[in-house]
Structures are given as structure tokens and as C-alpha cells.
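# Structural overview for review
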Amino acid sequence: MKIEQLAEKWDLVVLGGGITGAGIFREAARSKLKVLLVEQQDFAWGTSSRSSKMVHGGLRYLKEAQIGLTRDSVLERERLLREAPGLVESLEFLMPIYADRGPGKWLMTSGLTLYSMLSGKKQHQYFNKSEFVAKVPGINQQQLKGGFQFLDAQVDDARLVLRVLDEAKQQSAEAVALNYVTAKKILRDNNGKVTGVVLMDTDTGTLREIQTGTIINATGAWAEGLHPSPKQKLHIRPLRGSHLIFPQKVLPVNQAVSFVHPKDNRPVFAFPWEGVTLFGTTDVDHGTEINTDPSISKEEVDYLMEAVHYAFPQMNITSKDCLATLAGVRPVLSEGKANPSEESREHLIWVDKGLVTVTGGKLTTFRKLAVDTLKEALEFLPVKQMDEGDIFDQKNNPEPKPSTLTDKQWKKLKGRYGLKVKELIAMSSLEELTQIPGTETLWAELRYTAKNEQIRHLSDLLLRRVRLGLLLPEGGKNILDRVRELCGSVLEWDEERWQKEINAYQELWQQSYSMPQGVTL
């Protein structure tokens, strides 16, 4: 759908197509609201495709006495594991205990016991030194006493956003989501009450005025651009978290390994994801333009490589081994603390005559955040209570498993696409239902997402619909011809457009997903 085809009147307009906006969109559609979501870039373009891929209970927040946030996170994690198998999956964490640094055995036992109590079941155990080394070959053994194993979960964050958006659209024909649409101006009457919004197609410049009495501003790091925080000493502080991505053969971990950085005692981790190993993360003030793709700095690379060498001293890993980098900006509400890692991850909602702004929060608790936000907006909406329920449709999918797929692959495909997996299978040959070498992605996913998931640019396809730009050398340069062959008939770009998209994608990858200048390979 184009911006010109939009209806004139809506019950609710949601600004922001990350996980927070998607969650609000989902809950609004369930409550039978006529709801429009717009995103100025691509869906999940910002924080929600650049996270650490964790659906976690927030163990580290116990250290900061944020018991409520940890409890909510644990409950929402367990809910997502139940409702979205194949998309959200359990992940074992291993945490070494050293005699000379980091948290001790007693402190970790206390924290993990409380963590298990919040989830309603024991999810941790302790291993002595030899047992722990057997689980993590290559781990630094100097002063190692042993270590803990506990459970959390992981996700493909961009696919989570897309699945939630799709669930909303399947719930209601009056739920519409558009990417590359910017909110240019909030319209108000003489009393200051919201009456509408002026929208603009980001690519074409086409303008459209929409009437609505309720707007939810879920734009994350951009939120105060539409409405400043009402609290004088509480403002958005854009913090950058960056990661290095290695081939799994270079940094072979079968479980997440979390430990404290030798420089500042911040937690960092290595974990398996989509056939590669992610290593992160940093927590620094972004301090640069938030409207362009963020990128890792040389200082962050040095910081992370120092941690790699400390934790895995015998593996001889260098920055040259890195496949890609990934940086994201978190919209953290700042209380002015000097250390970024000490800022709260709680969310804040403020209301101004029909404009409801929400920011902060965590990926794991997006559903609760959505419900809390909509409850604040009820006084402006035609419904007076929310219709809460499952995030994801729990109907059984009777589609038989294709012969080329393993049970694990089939579970993952259903997790990513829900009931739409039937459509994906129907439009794919058996040859396309095989993995792209070096990844866990199927060739068939390229054409399906290109046809059905509002692709405007090649970067949308390769960095968010599928994650090949993060998983293959040089962003998948060697398979671009095959991508064009598979997707050409559904994208309908001419020769000139394809070349323009390929050039723009490769330039973007070099600028924001490769090693920064100044790094000694």
C-alpha cells in the first residue's frame, strides 16, 4: 500500500516500527482499533535489528536492585519461549568464576537462586574447574575456580518485529503498517488536543494528512524530537552497543559464555547465533547522527578484542578473522550518571492531550510495555479496556514438513513466519528449500520476503528480512547474482535500479558493518 491509498481517519496512529511500536500495533489490532503504524526507515531499522539478540531475564539488573524489572523480564521471557518456539529459543549461558576478579561464587549463587525463583524453576548449576573447561575449551584458566551454567533465551530480533507486525495484520484488516513514512508534523486544535498528523513518504516526498485523536510516539531515540521529556532531569541518552561477528570455526562456542571485561568489569559475552559467533557488547555514548546507520568505532574494536584475547588466550583470534560488525543505539533514559552502564533500562510514558510518548525499556518486555502504553492512551480511544491475549497465534499449522528440511529447520521456519509458512512453501522449489552455504538461512526465504514484506531497498532484504549481510564475507557479495536471480521477478527492478541498489548496499556495508578505518588487521 502507498501513502496515497491510506484511509483518512484512524483510531490510532503509531509512530515507530521497532519492537515497541510493533507490540503496540499488535495489541491495538487485537482490541479492534483501526490502527496505522508508520516507520521513517525500514521496519526494525534502528535498535530492534541491532540488539544482542537476547531475550533475557535481566540477571545483571539484580546487581542494581531492579527486582521488578528482572521479575517482569523473566515472566515475559518464559511467555515468549512458550508462544514462539523456533523464533525464541532457550540458550544456555556459562559464566566462569575467577579468584582474582569478577563476581565470586557466593554472590553468583545468591543472584542465580533469586533468578531461578523468579522463573519458578531451578535453571542453574555450578561446575568445578575441570568440568567447566570441558564445556568451554580454550577458556582462560589462570585463576579459574569453576563456573556456573544458567538458562536464558535468544532471538532474531528483526524477525521478531516482522512476525509481531504480521500477527497484527492477520488479526485485523484495519491494521496497516508502512515503512519509509515519516511523521512531519503533529496536528492539534486550538485547545492543544491532537487532531491528526502529516505524513511523508521518505523516498518520494509525497505528503498525506491523516486524521486521528490518538498518536503513540514509539520512536525510541527520536522520541524527544516529537515531544520533550516532561521531567527536567530525565532525558534520552543515545548509547551505542557494538558487536564483532566471527565465523563459528574461529570462535567455537556452543553456549553463550559471559564474563567481566578485564578493563572495567562490565559483562561481555560470546554466543552462537545463526551459524556464527557474536561477541559484545560495548556501552558508550553515541554522540553522532542518529538518522544514519551507526557503526563501531576503532576504540570499541580495541575494547572487544582485548576481551576476546583475555577470555580465549590460546585461540590467536585477530580482527582480521571478523566477518562483520554490528552497532545499535539504545534509547536509554538518563539520570545523568557518568557511567552509561549504570543508567536504568526502565521505560517511561508521558501523555499530552492525545500524544502518548513511550521510550526506554527492553526487547524482552515489549508486550508489557505495549499494554502499559495503550492503557495510558485509553482516554483518547474509542475502546475503554484492552483485550489482552497471546502475542502469537497459537493455531496448529498442519502443513507437512518438506522432505529437504530437518525438524530443527522446520521448527525455525514456522517460528519466523507463523501461519505464513504455508505460503512460503507453496512458492518454493525443493532446491530453494536448502540452506545458503555458511548460514542457517534458506534460499526460499529471500524470494518470499522480497515479495511479501515491503522491501524498498536491497539493504532491507539482506540486513533485516534475512541476515546474510551479517553472516557472509563482505556482506554476501559473492551471492548477489543469485539473490537477483531469485528476487528479480517479485521486486520488478530494472537493470539500472538493481545496479543502483547493489552499489548502495555495498557502500553501506563498508561504512557501517565492516571494520572501521584505523584498525590494524
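What this report covers is the structure whose coordinates are included nearby. (Residues numbered from 1 in each chain as written. Predicted model: local features only at pLDDT ≥ 70, side-chain atom pairs only at ≥ 80, totals over all residues. Heavy atoms only, no water.)

## Some points on the overall build of the chain
From N to C terminus, the chain includes 16 helices and 19 strands. Against the compact-globule benchmark of 24 Å for 521 residues, the chain has a radius of gyration of 23 Å, which places it among compact chains. C-alpha atoms of the chain, sized along the principal axes, occupy 70 × 55 × 50 Å. Here the chain, with 521 residues, has 60% of them falling under the buried criterion. In the chain, the proportion of contacts linking residues at least 24 apart, taken out of those at least 6 apart, comes to 72%. Summed over all atoms, the accessible surface of the chain reaches about 21,700 Å², with 49% contributed by carbon and sulfur. Here the chain contributes 67 positively and 67 negatively charged side chains, and the mean placements of these two sets differ by 4 Å. (Helix = DSSP H or I, 4+ residues; strand = E, 2+ residues; numbered from the N terminus. Rg over C-alpha atoms; globule rule 2.2 N^0.38 Å. Buried < 20%, exposed > 50% of the residue type's maximum accessible area, 1.4 Å probe, protein only. Contact = heavy atoms within 4.5 Å. Areas by Shrake-Rupley, 256 points an atom, 1.4 Å probe, with all protein chains shown as cover. Lys, Arg positive; Asp, Glu negative; His and termini not counted. Charge placed at Lys NZ, Arg CZ, Asp CG, Glu CD.)

## Concerning the pattern of salt bridges
With the rule as written, the count across this model stands at 39 salt bridges. Note that E167 and R163 form a salt bridge whose closest N and O atoms lie 2.9 Å from each other. Separated by four residues within a single helix, E167 and R163 lie in helix 6 (residues 157–171), roughly one turn from each other. The shortest N-O distance in the salt bridge between D203 and R456 comes to 2.8 Å. On the criterion of sequence distance, the pair formed by D203 in the loop between strand 9 (194–201) and strand 10 (207–211) and R456 in the loop between helix 12 (443–452) and helix 13 (458–465) is long-range, its members being 253 residues apart. By relative accessible area, R456 is classed as partly exposed at 23%. Here the salt bridges share partners, and the residues they tie into one network are K53, D156, D157, E274, K412, R416, E440, E445 and R467. (Salt bridge = Lys/Arg side-chain N within 4 Å of Asp/Glu carboxyl O.)

## Some thoughts on the side chain of E445
Counting through the fold element by element, E445 comes out in helix 12. A polar side-chain atom of E445 sits 2.7 Å from a polar atom in the side chain of Y417. (Polar contact = N/O pair within 3.5 Å; in protein donor to acceptor, adjacent residues only side chain to side chain.)

## Concerning the sheet that holds strand 1 (residues 12–15)
In spatial order, the strands read 7-2-1-11-19-18; together these six strands make up an open sheet with mixed pairing. The sheet is open, and its two borders are formed by strand 7 (175–179) and strand 18 (347–352), each paired with just one other strand. Each strand of the sheet is rotated relative to its neighbour by a mean of 15°, with strand direction disregarded. Bridging between strand 11 (residues 215–217) and strand 19 (residues 355–360) involves three bridges; their strand directions are parallel. Bridged to I216 within strand 19 is V356. Each of strand 1, strand 2 (35–39), strand 7, strand 11 and strand 19 touches helix 1 (residues 19–30); the most contacted strand, strand 2, lies at about 170° to it. (Pairing = 2+ DSSP bridges. Axes fitted to C-alpha atoms, helices over the stretch in contact; angles between N-to-C directions.)

## A look at the packing of helix 13 against helix 16 (residues 495–512)
The interhelical angle for the contact between helix 13 and helix 16, taken along N-to-C directions, is 45°, at an axis separation of 8 Å. Taken together, the axes of helix 13 and helix 16 are oblique relative to one another. Judged by residue contacts, L458, S459, L462 and L463 of helix 13 engage W498, E501, I502, Y505 and L508 from helix 16. Considering only residue class, the contact of helix 13 with helix 16 consists of seven nonpolar, one polar and one charged. (Parallel < 35°, antiparallel > 145°, perpendicular 65-115°, else oblique. Nonpolar A, V, L, I, M, F, W, Y, C, P; charged D, E, K, R; others polar.)

## Side note on helix 15 (residues 480–491)
Given a rise of 1.5 Å per residue, twelve residues ought to cover 16 Å, yet the end C-alpha atoms of helix 15 are separated by just 14 Å, more than 12% below that figure. Burial in helix 15 covers these residues: L480, V483, L486, C487 and L491. On an axial view of helix 15, the arc spanned by its buried residues comes to 135°, and they lie on one face. Of the exposed residues in helix 15, those oriented more than 90 degrees away from the buried face are D481, E485 and S489. On the buried face of helix 15, the contacting elements are helix 12, helix 13 and helix 16. Following helix 15 by one or two positions, E492 has its phi on the positive side, about 55°. (Expected span 1.5 Å × (residues − 1). Arc of directions from axis to C-beta.)

## Section: the sheet that holds strand 8 (residues 181–188)
Strand pairing in a sheet is mediated by backbone hydrogen bonds. Such pairs are either parallel or antiparallel. A sheet is described by the order of its strands in space; here three strands give the open sequence 8-9-10, paired in antiparallel fashion. Each having just a single partner strand, strand 8 and strand 10 make up the two edges of the open sheet. Shown here is a sheet whose adjacent strand axes are inclined to one another by a mean of 25°, direction ignored. Here strand 9 pairs with strand 10 via five bridges, running antiparallel. Residue pairing for strand 10: V197 is matched across the bridge by I210.

## Observations concerning the layout of surface pockets
One number sums up the size of the second largest pocket: a volume of about 580 Å³. With three residues, the top contributor of residues to the lining of the second largest pocket is helix 12. Considered class by class, the residues forming the lining of the second largest pocket number nine nonpolar, six polar and seven charged. (1 Å grid on protein atoms, 1.4 Å probe; cavity = no way out; pocket = protein on both sides within 12 Å on 5 of 7 lines; lining within 4 Å. Points joined across faces, edges and corners; volume = space filled by probe spheres on them.)

## Concerning the environment of I502
Locating I502 in the fold gives a position in helix 16. Those residues within four positions of I502 in sequence are excluded, and the remaining contacts are L458 and L480.

## Re the pairing of strand 8
The pairing of strand 8 with strand 9 spans seven bridges and is classified as antiparallel. The residue bridging A183 from the neighbouring strand is L199, located in strand 9. In sequence, strand 8 turns back onto strand 9 through a hairpin of five residues, with G192 there showing a positive phi of about 90°.

## Thoughts on the packing of aromatic side chains
Counting across every chain of the model gives nine aromatic pairs. Ring geometry for Y98 and Y310: centres 6.1 Å apart, planes at 50°, overall tilted. Of this pair, Y98 sits in strand 4 (residues 88–98) while Y310 is found in helix 8 (residues 298–311), placing the two residues 212 residues apart along the sequence. Exposure class is identical for Y98 and Y310. Each is buried. Ring geometry for F259 and F279: centres 6.1 Å apart, planes at 50°, overall tilted. A residue pair is termed long-range when its members are at least 10 positions apart, and F259 in strand 13 (residues 256–260) and F279 in strand 15 (residues 276–280) qualify at 20 residues. For the residue pair F259 and F279, the accessibility class agrees, reading buried in each case. What links up through ring pairs into an aromatic cluster is the set Y98, F259, F279 and Y310. Sitting over the ring of W10, K34 keeps its end group 5.2 Å from the ring centre. (Phe/Tyr/Trp six-rings, centres within 6.5 Å; stacked < 30°, edge-to-face > 60°. Lys NZ or Arg CZ within 6 Å of the ring centre and 35° of its normal.)

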